[in-house]
Amino acid sequence: MWIVEKAKELMNQRPRIRYVMGADDLIGFDQSLDCSAYVWRCHGQRKFDNKRWRNTSWLYNDIENEETHFEKVGSLQEAKQGDIIVYGWSKGKAGHVAIIDKVDDKGNITGYDCSSSREGVSYRSLNFFKKKPYLIGRWKLS
């Protein structure tokens, strides 16, 4: 899956991409992204489109309503490599989004994300998503 290949490429990029909320900058030495910008970059796009920021809340709503870029995946068991998992904004707290690499038979999720808790882009367990109301989206084919 080419999205996962791009996720690996950005994870291994040097200098390392830092996490900065709201960032979408891969120019120069001090490169930084937030989680939604990372997902958009893995898909070959920018976070900013048509004069709006496509942040985690936007991603969540797009999947929920199957509006423009994503179709909703019905369950974790149906998730495939390259799908995204997202929870939205709640009570003033930012959401989060990541790219799924694998879901095992026990429902354990691993994948790629960009976050402050892991000092930027990383590959890790994404099981923490199961503690929030999350959605899984699959890129619609153009």
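In the block above lies the structure referred to throughout.
Everything numeric here is computed off the predicted structure, so don't read it as measured data. (Residues numbered from 1 in each chain as written. Predicted model: local features only at pLDDT ≥ 70, side-chain atom pairs only at ≥ 80, totals over all residues. Heavy atoms only, no water.)

(A) Main features of the packing of helix α2 (residues 35–42) against helix α3 (residues 56–65). Remark: α2 packs on α3, axes separated minimally by 9 Å, with the N-to-C direction vectors making an angle of 60°. Overall, the two elements α2 and α3 adopt an arrangement that is oblique. Along its contact with α2, which presents Cys35, Ser36 and Trp40, the element α3 presents Thr56, Trp58 and Leu59. For the contact of α2 with α3, the residue count by class is four nonpolar, two polar and no charged. (Axes fitted to C-alpha atoms, helices over the stretch in contact; angles between N-to-C directions. Helix = DSSP H or I, 4+ residues; strand = E, 2+ residues; numbered from the N terminus. Parallel < 35°, antiparallel > 145°, perpendicular 65-115°, else oblique. Contact = heavy atoms within 4.5 Å. Nonpolar A, V, L, I, M, F, W, Y, C, P; charged D, E, K, R; others polar.)

(B) The arrangement of the nonpolar core in detail. Membership of the largest hydrophobic core comes to 27 residues, with the highest contact counts inside it found for Tyr38, Leu59, Phe70, Ile84 and Ile99. Mapped onto this core, the elements with two or more residues apiece are α1 (2–11), α2, α3, β7 (84–87), β8 (96–103), β9 (109–115) and β11 (134–139). Top contributing element to this core by residue count: α2, with six residues. With near-sequence residues (within four places) excluded, Leu59 lies in contact with Ser36, Trp40, Arg54, Phe70, Ile84, Val86 and Val97. If you look at the next biggest cluster of nonpolar residues, it comprises 11 residues, including Tyr87, Ala98, Ile100 and Phe129. (Core = buried A, V, L, I, M, F, W, Y, C linked by side-chain atoms within 4.5 Å. Buried < 20%, exposed > 50% of the residue type's maximum accessible area, 1.4 Å probe, protein only.)

(C) Just the environment of Tyr60, in detail. Within the element layout of this structure, Tyr60 appears in helix α3. Separated by 72 residues in the primary sequence, Tyr60 and Lys132 have C-alpha atoms spaced 12 Å apart. In this structure, Tyr60 is in contact with Val86, Tyr87, Gly88, Pro133, Tyr134 and Leu135, ignoring residues within four places of it in sequence.

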